[in-house]
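Report on the structure
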Amino acid sequence: MIKGIIFDFSGTLAHRKTPRDFRLECKILRQNGYEVYYQEWQAAYEFTAFVEYPKGKIHSYEEFFKTVFNLLGIQHRKTIIK
């Protein structure tokens, strides 16, 4: 009896025109005074995308990135999220 099916959505069923550049995003964050490394930024981003977002509590990009920053324990400015 099959109880569930898992699909690899990102990169398999759906593709971005360009891959997300976590290193570039971290470079920009670090230039703006945030001490964050790309591995932790990528992990928090993907956790938010694959675990938190599907719960239905995130309704905008702003809420999405607030969640990423909160997971990292980083105080954020509204300007950096925008």
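Keep in mind that this is a model prediction, so the values were computed, not measured.

Moving on: helix 1 (residues 22-31). For helix 1, the set of buried residues is Phe22, Glu25, Cys26 and Leu29. Take helix 1 and look down its axis: the buried residues cluster within an arc of 95°, on one side only. Facing away from the buried side of helix 1, by more than 90 degrees, are the exposed residues Arg23, Lys27 and Gln31. Buried residues in helix 1 make contact with helix 2 (38-52), helix 3 (61-72) and helix 4 (78-81). Where helix 1 begins, the capping side chain belongs to Asp21, and its oxygen is found 3.3 Å from the backbone nitrogen of Arg23. At the C-terminal side of helix 1, Gly33 shows a positive phi close to 90°.

Quick look at the environment of Tyr53 now. Looking at the secondary structure, you find Tyr53 in the loop between helix 2 and helix 3. The exposure class assigned to Tyr53 is partly exposed, which follows from its relative accessible area of 48%. Here the alpha-carbon distance between Tyr53 and Thr67, two residues 14 residues apart in the chain, equals 9.3 Å. Every residue in contact with Tyr53, bar those within four places of it in the chain, is listed here: Thr48 and Ile58.

Turning our attention to the confidence of the model for the chain. Across the chain, the average pLDDT comes to 84, with 82% of residues at or above 70. No element of the chain has a lower mean pLDDT than helix 4, at 76, and none a higher one than helix 2, at 94.

All right, on to the packing of helix 2 against helix 3 then. The N-to-C vectors of helix 2 and helix 3 enclose an angle of 125°; their axes lie 9 Å apart at closest approach. Compared by their axis directions, helix 2 and helix 3 come out oblique. For the crossing formed where helix 2 meets helix 3, the hand is right-handed. Judged by residue contacts, Glu40, Trp41, Ala44, Tyr45, Phe47, Thr48, Ala49 and Glu52 of helix 2 engage Phe64, Phe65, Thr67, Val68, Phe69, Leu71 and Leu72 from helix 3. Class assignment of the residues belonging to the contact of helix 2 with helix 3 gives a composition of eleven nonpolar, two polar and two charged.

What counts and what doesn't
Residues numbered from 1 in each chain as written. Predicted model: local features only at pLDDT ≥ 70, side-chain atom pairs only at ≥ 80, totals over all residues. Heavy atoms only, no water. Buried < 20%, exposed > 50% of the residue type's maximum accessible area, 1.4 Å probe, protein only. Helix = DSSP H or I, 4+ residues; strand = E, 2+ residues; numbered from the N terminus. Arc of directions from axis to C-beta. Contact = heavy atoms within 4.5 Å. Polar contact = N/O pair within 3.5 Å; in protein donor to acceptor, adjacent residues only side chain to side chain. pLDDT = per-residue confidence, 0-100. Axes fitted to C-alpha atoms, helices over the stretch in contact; angles between N-to-C directions. Parallel < 35°, antiparallel > 145°, perpendicular 65-115°, else oblique. Left-handed = near helix turned anticlockwise from the far one by under 90°. Nonpolar A, V, L, I, M, F, W, Y, C, P; charged D, E, K, R; others polar.

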